[in-house]
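Given next are the chains, with one letter for each unit.
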Number of protein chains: 2
Amino acid sequence: MDRQKHYDELIAWYKDFQLVSRISSVLQWDQRTYMPKLGMASRAEQLALIDGLAHRKLTEPAMVAKLNELAAVQAELSEDQRVNLREIKREVDRATKVPNDLVEEISRHTAKSNAAWVEAREADNFNHFAPFLARMIELRKLEAAALGFADRPYDAALDLFEPGSTEPYVRKLLEDLRQRLVPFVHKVLGAEKHDDSLILREPFPIDKQREFGLMVIGKLGFNFDEGRQDISAHPFTIGSKGDVRITTRFNERDLRQSLFAMIHEAGHALYEMGLPDEHVDTPLGQSVSLAVHESQSRFFENTLGRSLAFWTYFYPDLKAAFPTQLGGVPLLKFYEAVNIVAPSLIRVEADEVTYNLHIVLRFEIERAFMAGEVAVADLPDLWRAKVKQYLDIDAPNDADGVLQDVHWSEGLIGYFPTYTMGNLYGAQLREKIMADLGDIGVLCARGEFAPILNWMREHVHRLGKRYTANELIERATGKKPTAEPFMRYLAEKYGPLYHL
Amino acid sequence: MDRQKHYDELIAWYKDFQLVSRISSVLQWDQRTYMPKLGMASRAEQLALIDGLAHRKLTEPAMVAKLNELAAVQAELSEDQRVNLREIKREVDRATKVPNDLVEEISRHTAKSNAAWVEAREADNFNHFAPFLARMIELRKLEAAALGFADRPYDAALDLFEPGSTEPYVRKLLEDLRQRLVPFVHKVLGAEKHDDSLILREPFPIDKQREFGLMVIGKLGFNFDEGRQDISAHPFTIGSKGDVRITTRFNERDLRQSLFAMIHEAGHALYEMGLPDEHVDTPLGQSVSLAVHESQSRFFENTLGRSLAFWTYFYPDLKAAFPTQLGGVPLLKFYEAVNIVAPSLIRVEADEVTYNLHIVLRFEIERAFMAGEVAVADLPDLWRAKVKQYLDIDAPNDADGVLQDVHWSEGLIGYFPTYTMGNLYGAQLREKIMADLGDIGVLCARGEFAPILNWMREHVHRLGKRYTANELIERATGKKPTAEPFMRYLAEKYGPLYHL
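The shown structure was predicted, so the numbers you read here are calculated from the model rather than taken from an experiment.

A. Quick look at the overall build of chain A. A tally of regular secondary structure across chain A gives 21 helices and 3 strands. Here the C-alpha atoms of chain A give a radius of gyration of 23 Å, agreeing with the 23 Å that 2.2 N^0.38 yields for 500 residues. In terms of principal-axis extent, the alpha carbons of chain A reach across some 70 × 50 × 50 Å. For chain A, buried positions account for 42% of its 500 residues. Considering only residue pairs separated by 6 or more positions, chain A has 72% of its internal contacts joining residues 24 or more positions apart.

If you want it as structure tokens, here you go:
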């Protein structure tokens, strides 16, 4: 066997597979931004065709054989080659270990389950959705068994979204966070309230919002030769190196919604743009995990984007863009208004302090139902109890309670924790950046974002999938991931803000 | 053999092939409208992958065998089935008769030839392009031979773009046209000149141009649930039933450019939108030819869009959209300005009277070089002589002469005549519409476009590929296609306009 030749063939084949994914990205982006309504029927078939093509590519017997031959002699490969081999093998294993019948059944059930969830949510009737969720849990357990996680089905789910994570690892992080965060939230909620009525009096024309947002993300390093921004009902980032696209939803009555969502998605995009060119379309050129992705989006959105220093730099421009709306609003009032902490029923509307409690409760619930420790029928009550305990809210219904998120209906179990892990990772990276670069507030206040982005590029982006997410964070920061840096960040920021 | 089952399988397979084409359309549309610059490298590979997939689909041996079995018993099929079979067979034959080596060589040569043309045009140096054109002609002749047109290579070229057309058919139409048109053009050019300085004094904001254009094409019947409009460097229409997209280039200094291009592309789009739903993605649900497509775009752009009656209806709205620009411009002045006849060097800038002479000269030249009657080296002089003879212009260089169009560099030989045939077909359809509906000017002046569109739907759009283009025109109008209706149209319109 000529190892180098084998390896090159494997990589060429994998790049073809990635090419198919890129086509899928364009079709999905188009569907959610510009596609005319009547294009939907054909688009669904187009995507099914592309999905089938991708799956056939990834499971091509000749290539799977080549992959396994190479895996048997991997000690003789270079370190880079071993990383690519390991990650390609992980993906191929996933695609080959689960029987086709099960894949198809999950896919069929997902469509039905999602439709049932839409109806159940509209009618505020959890019982209508319950049997579909129960079946989804069964199917995910069957999948876990096929993947070799028979005894730890939730680990299989985590491994899909956050490779290298296990239930004990996530549980420790999130329990530790919850124990510190619940009293902190209660303390903030007991403090004086800030007011945003001052900045909400006048409408903000959408073209001006867009222009300002584009200027901001451009300053942060978003390369418009390598990406673009469009409008969609729900903001998202799609695409990869060379072609990374973000979308925004605008609200004329509240510029905060579009502004911070744009910075958030730009954070995702900057990660993709920062991946190493020389490894494009191979694992060494791909983002490592959802949590690390979220660490980037949240870092740019919250750590930088909602800081006083950031607005010290940008607020004069913002006032110039919206003179009648913000002319009489002092910087500090604006800063307070973009950092209001208030308990909310709805996760996607939550502030950065309470947000993670929404995630913790979802993690606890999904972990429990995957372990068979709670019956599906009991989920609404369990949800209410936790919302009351963590956020001190009495949930008025299930539509805005256990039925509020689309994830479980689509089989996305094990996805939620990546949001909070992203917040924790981001805060841990922040402390190391401060140790290396000094007070990044001063850089932000001067509009000097390049050193911060370059730090992220060097310690996160350029590594691709070289390490697992937790290894990467440990290497970048010198410490195992914990909840402490995030709690320090909250205390440091919200202590003065709320006179705690 | 179960004929119905065989036929159904064939259609399902062909629809899969069309699905691949639809994916290609989305990728091409995106490339020419929104794709970031750095997306190009991967996009070229994505399109190559999709092209390869389409070609493999179309030449799948099991399906080609099924097709031929069905063709052997086609007398037993329904009429609809026979049409689909005939057209699918035509496409499959094209894809299978030409050896792969030749297909690949043409594809490689096209890339080189196009690059050489770009350089030659920039440097105004025909000699740089000449060997590439000579090789392109050789390759197209080899292709013609493979397709069974060894003795009539230009027929093979025509058959590709305008199935059912032959050189004698096209030659007769175009020679007849030339003989009548050259003296007519000379008469117009000898008449008084009209003036457009009145409407060009002020800039026309692009968002207003776009808004007005969208309103106009909406009134003409463009369905925005089934299509959309975007901006690109060169206007085009792409997509099919359910998802038809047009693009526009805007010029702030001259609203005529965007306006008539939008109506032109909308004419193409209305054809696609008018194809029969029940035959979607099969030949019975596809446009019949480029010339018939052009008959639709030109009919809407010129016959309706540049008529006095059309502007009797729309001009008040246009003035309201551009009060400072057009407030003082009377309807008749505007009408004259959008119908100025002036000889030009450049085809794409030509008016509807002189336009077809640009085509006639290209047809005469490409017919001659495909027949080996003229050497490539002699083309620049031949071009100059014809431009002088037909348009009375002394061509100052080759860049705006024989090098002006991209077509030949991309192997598009036999494409030009479809533009003029479209104009002739459109004029012939117009006379029959007038015979059936009465003076369509009155309908236009009232903004009642539905009867006109419905006539086109019934007599052209809904027929798909049931007949060849010339059969379709003959059935729709009761007469074989000739140049006479077009000449009558010109005389009727430009006689009064220029006091001929």
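B. The sheet that holds strand S3 (residues 243-248) of chain A, seen in detail. Residues and elements named next belong to chain A. Reading across the sheet, the 3 strands line up as S1-S3-S2 and stay open at both edges, with mixed pairing between neighbours. Two strands lie at the open edges of the sheet, namely strand S1 (227-231) and strand S2 (237-240), each paired on one side alone. Each adjacent strand pair in this sheet contributes to an overall mean axis angle of 15°, direction not counted. Here 5 bridges tie S1 to S3, and the two strands are oriented parallel to one another. Along S3, the bridge assignment pairs isoleucine 231 with threonine 248. Sheet strands in contact with helix H10 (residues 255-274) are S1, S2 and S3, and its direction is about 165° off that of S3.

C. Fine view of the interface of chain B and chain A. Contact with chain B, which involves 25 residues of that partner, is made by 25 residues of chain A. Across the side of chain B that touches chain A, the residue classes tally to 12 nonpolar, 5 polar and 8 charged.

D. Structural view of the relation of the copies chain B and chain A. Expressed as a screw transformation, the operator carrying chain B onto chain A has a rotation angle of 180° and an axial translation of 0.0 Å, and the superposed copies differ by an RMSD of 0.0 Å. Viewed as a symmetry operation, the transformation between the two copies matches a two-fold axis. An overlap of 100% is found between the interface residues of chain B and their copies at the interface of chain A, pointing to a shared contact surface.

E. Fine view of the domain arrangement of chain A. Residue and element names in this part refer to chain A. Per the domain assignment, the segments of chain A are domain 1 (3-149) and domain 2 (150-205 + 215-220 + 264-500). Between the C-alpha centres of domain 1 and domain 2 the distance comes to 27 Å. The interface is formed by 32 residues belonging to domain 1 together with 29 residues belonging to domain 2. Of all elements in the fold, only helix H1 (3-33), helix H4 (79-97), helix H5 (100-122) and helix H6 (126-146) reach the threshold of two or more residues within the side of domain 1 that touches domain 2. Top element by residues in the side of domain 1 that touches domain 2 is H6. It accounts for 12 residues. When its residues are assigned to classes, the side of domain 1 that touches domain 2 shows 18 nonpolar, 5 polar and 9 charged.

F. Geometry of the environment of A:Gln74. Residues and elements named next belong to chain A. For glutamine 74, the location among the structural elements is in the loop between helix H3 (61-72) and H4. Classification of glutamine 74 as partly exposed rests on a count of 13 C-beta atoms within 10 Å. Spatially, the C-alpha atoms of glutamine 74 and arginine 3 are 9.5 Å apart, while their sequence positions differ by 71 residues. Not counting residues within four places of it along the chain, the set of residues in contact with glutamine 74 comprises Arg82 and Leu85.

G. Expanded view of the pairing of S3(A). All names here are of chain A. Counted residue by residue, S3 has 6 buried out of 6 residues, so it is predominantly covered. The side-chain alternation of S3 yields two buried faces, one formed by Asp243, Arg245 and Thr247 and the other by Val244, Ile246 and Thr248. Here 4 bridges tie S2 to S3, and the two strands are oriented antiparallel to one another. Within S3, the position partnered with threonine 237 by the bridge is isoleucine 246. Between S2 and S3, which pair antiparallel one after the other, the connecting turn spans 2 residues, and glycine 242 there sits at a positive phi close to 95°.

H. Layout of the sheet that holds strand S2 (residues 237-240) of chain B. All names here are of chain B. Strands sit in the order S1-S3-S2 across an open sheet of 3 strands; the sheet is mixed. Each edge of the open sheet carries a strand with a single partner, namely strand S1 (227-231) and S2. Averaged over all pairs of adjacent strands, the angle between strand axes in this sheet comes to 15°, irrespective of strand direction.

I. Quick peek at unusual backbone geometry. Positioned with a positive phi, A:Asp124 is a non-glycine residue whose angle comes to about 50°. Position of A:Asp124 relative to the elements: it lies in the loop between H5 and H6. Assessed through the 14 C-beta atoms surrounding it within 10 Å, A:Asp124 is described here as partly exposed. Phi at B:Asp281 takes a positive value of approximately 65°, unusual for a residue other than glycine. Counting through the fold element by element, B:Asp281 comes out in the loop between helix H10 (255-274) and helix H11 (290-304).

J. Spatial organisation of helix H12 (residues 308-321) of chain A. Residue and element names in this part refer to chain A. Here H12 is 14 residues long and its end C-alpha atoms lie 19 Å apart, about the 20 Å a rise of 1.5 Å per residue gives. Along H12, the helix axis deviates most sharply at phenylalanine 314, where the bend reaches about 50°; the proline proline 316 sits within four residues downstream. Every buried residue of H12 is accounted for by Leu308, Phe310, Trp311, Phe314 and Leu318. Along its buried surface, H12 packs onto helix H9 (206-220), helix H11 (290-304), helix H13 (323-326), helix H14 (331-337) and helix H18 (440-445).

K. Looking closely at the confidence of the model for chain A. Averaged over every residue, the pLDDT of chain A is 95; residues scoring 70 or more account for 100%. Both scores are given for the predicted complex: the pTM is 0.94, the ipTM 0.92.

L. Geometry of the packing of helix H5 (residues 100-123) of chain B against helix H6 (residues 126-146) of chain B. Residue and element names in this part refer to chain B. Two numbers describe how H5 lies on H6: the axes approach to 9 Å, and their chain directions differ by 155°. The orientation of H5 relative to H6 falls into the category roughly antiparallel. At the point where H5 passes H6, the crossing takes the left-handed sense. Where H5 abuts H6, its residues Leu102, Glu105, Ile106, His109, Lys112, Ser113, Ala116, Trp117, Glu119, Ala120 and Ala123 lie against Phe126, His128, Phe129, Phe132, Arg135, Met136, Leu139, Leu142, Glu143 and Ala146.

M. Quick look at H1(A). The end-to-end C-alpha distance of H1(A), which contains 31 residues, comes to 45 Å, matching closely the 45 Å that a straight helix rising 1.5 Å per residue would cover. The complete set of buried residues in H1(A) reads A:Leu10, A:Tyr14, A:Phe17, A:Gln18, A:Leu19, A:Val20, A:Arg22, A:Ile23, A:Val26, A:Leu27, A:Trp29 and A:Asp30.

N. View of the environment of B:His459. Assignment of secondary structure puts B:His459 in helix H19 (residues 450-459). In sequence terms B:His459 and B:Lys112 are 347 residues apart; their C-alpha atoms lie 43 Å from each other.

O. The packing of H10(B) against H11(B), seen in detail. Residue and element names in this part refer to chain B. At their nearest, the axes of H10 and H11 sit 7 Å apart, and the two run at 135° to each other. Regarding the angle of H10 to H11, the classification is oblique. As H10 packs across H11, the resulting crossing turns out to be right-handed. Contacts between H10 and H11 involve Phe260, Ile263, His264, Glu265, Ala266, Gly267, His268, Leu270 and Tyr271 on the former and, on the latter, His293, Gln296, Ser297, Arg298, Phe299, Phe300 and Glu301.

Quick notes on the rules
Residues numbered from 1 in each chain as written. Chains lettered and ligands numbered in written order. Predicted model: local features only at pLDDT ≥ 70, side-chain atom pairs only at ≥ 80, totals over all residues. Helix = DSSP H or I, 4+ residues; strand = E, 2+ residues; numbered from the N terminus. Rg over C-alpha atoms; globule rule 2.2 N^0.38 Å. Buried ≥ 20, exposed ≤ 12 C-beta atoms within 10 Å, placed from the backbone. Contact = placed C-beta atoms within 7 Å. Pairing = 2+ DSSP bridges. Axes fitted to C-alpha atoms, helices over the stretch in contact; angles between N-to-C directions. Nonpolar A, V, L, I, M, F, W, Y, C, P; charged D, E, K, R; others polar. Least-squares fit on C-alpha atoms with pLDDT ≥ 70 in both. Domains from an automatic or database assignment. Expected span 1.5 Å × (residues − 1). Bend = angle between axes of the 7 residues up to and from the residue. pLDDT = per-residue confidence, 0-100. Parallel < 35°, antiparallel > 145°, perpendicular 65-115°, else oblique. Left-handed = near helix turned anticlockwise from the far one by under 90°.

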